[in-house]
Number of protein chains: 2
Amino acid sequence: MSVTRPAGFTASGVVAGLKSTGALDLALVVNTGPRTSAAAVFTSNRAKANPVLWSEQVIRDGAVSAVILNSGGANCFTGSFGFQTTHATAEAVAAALEISASDVLVCSTGLIGTGDQTFRDAILDHVPATVSALSRDGGPDAAAAIMTTDTHPKQAVAESPAGWSIGGMAKGAGMLAPGLATMLVVITTDADLDPATLDRALRSATRVTFDRIDSDGCMSTNDTVTLLASGASGVAADETEFTEALTALCLDLSRQLQADAEGASHDIAIEVVNAASEDDAVVVGRAVSRSNLLKAAIFGNDPNWGRVLAALGTTDAVFDPYEIDVSMNGVMVCRRGEPFESRDLVDLTPRATTILIDLKSGASAATILTNDLTHDYVHENSAYAS
Amino acid sequence: MSVTRPAGFTASGVVAGLKSTGALDLALVVNTGPRTSAAAVFTSNRAKANPVLWSEQVIRDGAVSAVILNSGGANCFTGSFGFQTTHATAEAVAAALEISASDVLVCSTGLIGTGDQTFRDAILDHVPATVSALSRDGGPDAAAAIMTTDTHPKQAVAESPAGWSIGGMAKGAGMLAPGLATMLVVITTDADLDPATLDRALRSATRVTFDRIDSDGCMSTNDTVTLLASGASGVAADETEFTEALTALCLDLSRQLQADAEGASHDIAIEVVNAASEDDAVVVGRAVSRSNLLKAAIFGNDPNWGRVLAALGTTDAVFDPYEIDVSMNGVMVCRRGEPFESRDLVDLTPRATTILIDLKSGASAATILTNDLTHDYVHENSAYAS
């Protein structure tokens, strides 16, 4: 039941009319306590949506009582009118729940530039419905209401033998290159943890999960990942155990996002090993993940390893290009910068694809999750606004 | 007649069997003097093809008598065998022309990893044919022989009233993001200029032309632009006039490359104005040119300006994202970070597309030339190697 699995949370999803399809498009997640600890990470894009600008202020005191999320419009580059819409939304939720607007996080997703009076009216008119629909099994509706081009909701849960649990929901699909993705994620826990601990755990987890998805190289203006703790289990979770569980849950959600990326037919894990530093491994993995030529080749089931080497050669990471080994789905097609095993041995028909790059320059490693470049991606993204 | 327009040059193109289609695939351009001044710029990719590694040494003394170029194989990541192939090719040309191998530039283009014994034999067996086919009207054959996925040869000429001329040929198509592009360019002139002057003129011209093409964000391992001067006009060209003419010719060839980029249906000029510095303008233009989402939208004739702002927000250039104006084909769809003129007014049906970004942060400007992301691009690059 995703975000309503942990004790102390209710959620809902309703139809506000933001999506032309008439699907669920407005979600509310409420922390009923006893505590309202929270942490959040946001897009590092300088072009930030109004809800991000608002929520960055809300999270400062580490207290969040509710998160309201809409699909059907990003409310980004909509000016002061758009910011007022976000503010009014938080106020409306606060009034209905009898809490402070400064404890209401707002998240929006959809087309950038959408945030006019019709948009505002649709949200404000339906805030009461989200409140009256709140329930202990509302997680799935909330997860459905935040979808844009996602084909299905993404949810995950984790339970500790110590007596606490974590629940999460996410949406992704396109503009999916979180530095910190059009990714919205809400994670809840009933562990009894303070905001500082939540913040450390969340940053530790997102750094090696959501931050390592690079589906299409495009960083969103609205990415938000938030973690709410109700303390309702009464268990003060061990920070290390909690961070490990949270990281595993974030990785689970990351892989769900990758698996449902717009138009994708391959989930590609770019594993960079023996790098001089973790940063180097990430830089190389990300450069390779952004090669349209390689991604189109993978779509065509073509093990075109030369495009891997051409991409990594654009980075300033430490390595000798002529010493590098590249394996594709277990076949070492390039050894020390020369053709080795036959490319004909590589089977790229499975959706899961692994490209292993051995830099031979150290002991660090990182894996970047990306997708192939397909006709469906082009189609979906050439027709999105219309 | 492209590279054979200036006096003092002969050229040829022959069938060496490198292309499975049986088309022209081996070209030779020879400077018959009286002087053999030359300059060259190469890919800044650290993964450099063997012919680039060779040619970087050849150009050091500023003297080049001949350039041999093949399509049908990049001879990149082919190890010491591949380097020996390049060396042997230069030696074969030198022997046939009775010149020094250290004055023979070698350029290759095609699939990375191709450079085996069959490749070597095909080239070496056909060097004599390229020499015997040399003629004063061989430019067009040479321009055809360097094509890969190009649909037609690219050639340009410029003539000065002072009595000298410039000729150029180029190939591009994919992996087209010169920093310096799978771009090979040979430019000839009969102006009487020394290598240092040629080098200054070439770097000045390529910096604002070829270096500002970013068709698909993928930098090649084989890009080479070389400029040869025969001095055969007997006219010592004025450096400023020569550099201006050379820059105009390079821009002409750049636009030909853009117009024939793999699968493209729009030629997009991203004009960044009022930037704090030229570097900022280039950084912003390049970031926007690499947004697959924007490029797919343009393919779909969708003026999705939010994707422009999302892309530039990922840069560290100086600007306030909420002050930026964005116009598409003359319609200001975004003014000061808010929707302005209706997107419905934008006509994206012409192939030529202009995106004007006003950063309002200074007086510098730059234009990046890119293309849209289309079904044909995906198709062509998912099937290239097979």
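In every chain, residue numbers begin from 1 and rise along the written sequence. Here every chain gets a letter starting at A, and every ligand a number starting at 1, in the order they are written. Note on the predicted model: pLDDT of at least 70 is required for a residue's local features to be given, and 80 or more for side-chain atom pairs to be given and counted; whole-chain, interface and lining totals, by contrast, use all residues. Just so you know, side-chain values use all the structure's heavy atoms and leave hydrogens and water out.

Here's the deal with the UniProt feature "binding site: substrate" (unreviewed entry) in chain A
UniProt tags T148, K171, T182, E262, N381 and S386 of chain A as "binding site: substrate" (unreviewed entry). Note on exposure labels: buried denotes an accessible area under 20% of the residue type's maximum, exposed denotes more than 50%, and partly exposed covers the range between, all computed with a 1.4 Å probe on protein chains only. Judged by its relative accessible area of 23%, T148 of chain A is partly exposed. UniProt positions are given in the numbering used here, feature names are shortened, and annotations may be inferred rather than shown by experiment.

Looking at the sheet that holds strand β2 (residues 26-31) of chain A
All names here are of chain A. Pairing in this open sheet of 4 strands is mixed, and the strands run β1-β2-β4-β5 from one edge to the other. In the strand order of this sheet, the two ends are held by β1 (9-14) and β5 (104-108), each with one partner. Mean inter-strand twist for the sheet, computed between neighbouring axes without regard to direction, equals 10°. At least two DSSP bridges between two strands are needed for those strands to be called paired. Only DSSP runs of H or I with at least four residues qualify as helices, and only runs of E with at least two residues qualify as strands; both kinds are numbered from the N terminus onward. Note: strand β4 (residues 66-70) against β5, 5 bridges, orientation parallel. Residue L69 lies in a different strand from β5, and its bridge partner there is C107. Whether two residues are in contact is decided by their heavy atoms: any pair within 4.5 Å suffices. Angular values range over 0 to 180 degrees, each being the angle between N-to-C directions of two axes fitted as lines to C-alpha atoms, with helices fitted over their stretch in contact. Contacting β1, β2 and β4, helix α3 (residues 117-132) crosses the sheet at an angle of about 45° to β2.

Looking at helix α2 (residues 79-97) of chain A
The span one expects for a helix is its residue count, reduced by one, times 1.5 Å. Taking 1.5 Å per residue, 19 residues should reach 27 Å; α2 of chain A reaches 28 Å between its end C-alpha atoms and fits that length. Among the structural elements, β2, α1 (50-58), β4, β5 and α3 of chain A together with β13 (338-339) of chain B are those in contact with the buried residues of α2 of chain A. Phi for E98 of chain A, located one or two positions after α2 of chain A, is positive at around 55°.

So, the pattern of salt bridges
Pairing between side chains of opposite charge can happen when their charged atoms approach one another. For this analysis, a salt bridge means a side-chain nitrogen from Lys or Arg found within 4 Å of a carboxyl oxygen belonging to Asp or Glu. Enumeration according to the criterion identifies 19 salt bridges over all chains in this entry. D199 of chain A is the partner of R203 of chain A in a salt bridge, and the nearest nitrogen-oxygen pair spans 3.1 Å. Placement of both R203 of chain A and D199 of chain A in helix α5 (residues 195-207) is noted, with a separation of 4 residues, approximately one turn of the helix. Put simply, E159 of chain B and R5 of chain B hold a salt bridge, and the shortest N to O gap is 2.9 Å. With E159 of chain B in strand β6 (residues 154-159) and R5 of chain B in the segment before β1 (9-14), this pair connects stretches of sequence that are 154 residues apart. Look at R5 of chain B and you get partly exposed, because its relative accessible area is 29%.

What about the domain arrangement of chain A?
It is common to give the size of an interface as the accessible area lost on bringing the parts into contact. All names here are of chain A. Considered domain by domain, chain A is made up of domain 1 (2-259) and domain 2 (267-382). Residue ranges assigned to each domain were obtained from an automatic or database domain assignment. Taken over C-alpha atoms, the centre of domain 1 sits 32 Å from the centre of domain 2. Each partner contributes to the interface: domain 1 provides 16 residues, whereas domain 2 provides 17 residues. Together, the buried faces of domain 1 and domain 2 total about 1,400 Å²; carbon and sulfur atoms form 37% of this surface. Broken down by element, the residue count for the side of domain 1 that touches domain 2 peaks at 4 residues, all from helix α6 (residues 239-259). Following the grouping adopted for this structure description, the nonpolar residues are Ala, Val, Leu, Ile, Met, Phe, Trp, Tyr, Cys and Pro, the charged ones are Asp, Glu, Lys and Arg, and the polar ones are all others, Gly among them. Classifying every residue of the side of domain 1 that touches domain 2 by side-chain character gives 5 nonpolar, 5 polar and 6 charged. Accessible area, probed at 1.4 Å, shrinks when two parts are joined; the buried area is that loss added up over both.

Thoughts on the relation of the copies chain B and chain A
All copies are superposed by least squares; the fitting set is the C-alpha atoms of residues with a pLDDT of at least 70 in both. Of the transformation superimposing chain B on chain A, the axial component is 0.0 Å and the angular component is 180°, with the fit at an RMSD of 0.0 Å. The relationship between the two copies is best expressed as a two-fold rotation axis. Closest approach to the rotation axis within chain B is made by the C-alpha atom of H375 of chain B, at a distance of 2.7 Å. Here 100% of the contact residues of chain B are again contact residues in chain A; the copies associate through an equivalent surface.

Thoughts on the layout of surface pockets
Residue and element names in this part refer to chain B. In this structure, the second largest pocket spans a volume of roughly 770 Å³. Cavity and pocket criteria rest on a 1 Å grid covering protein atoms alone: a 1.4 Å probe that fits but cannot get out defines a cavity, protein on both sides within 12 Å along at least 5 of 7 lines defines an open pocket, and an atom within 4 Å of a point defines a lining residue. What lines the second largest pocket is a set of 30 residues, and nearest its centre among them are L18, G72, G73, L111 and T114. Of all the elements, helix α3 (residues 117-132) adds the most residues to the lining of the second largest pocket, at 3 residues. Residues that form the lining of the second largest pocket fall into these classes: 11 nonpolar, 14 polar and 5 charged. Grid points are joined across faces, edges and corners, and a volume is the space filled by probe spheres set on the points.

Overview of the interface of chain B and chain A
The partner chain A presents 54 residues to the 54 residues of chain B that form the contact. Each partner contributes to the roughly 4,400 Å² buried at the junction of chain B and chain A, and carbon and sulfur atoms together form 60% of this total. Here chain B and chain A share 0 salt bridges between them. Identification of polar contacts relies on pairs of N or O atoms within 3.5 Å, with a donor-acceptor requirement for protein atoms, meaning one able to donate a hydrogen and the other able to accept it, and with residues adjacent in sequence counted only if both atoms are side-chain atoms. Taken together, the connections running from chain B to chain A amount to 4 residue pairs in polar contact (both at pLDDT 80 or more). For the side of chain B that touches chain A, the elements supplying multiple residues, two or more each, are α2 (79-97), α8 (292-299), α9 (306-312), β13 and α10 (375-382) of chain B. With 6 residues, the single largest contributor to the side of chain B that touches chain A is α10 of chain B. Looking at the side of chain B that touches chain A residue by residue, the classes come out as 25 nonpolar, 20 polar and 9 charged.

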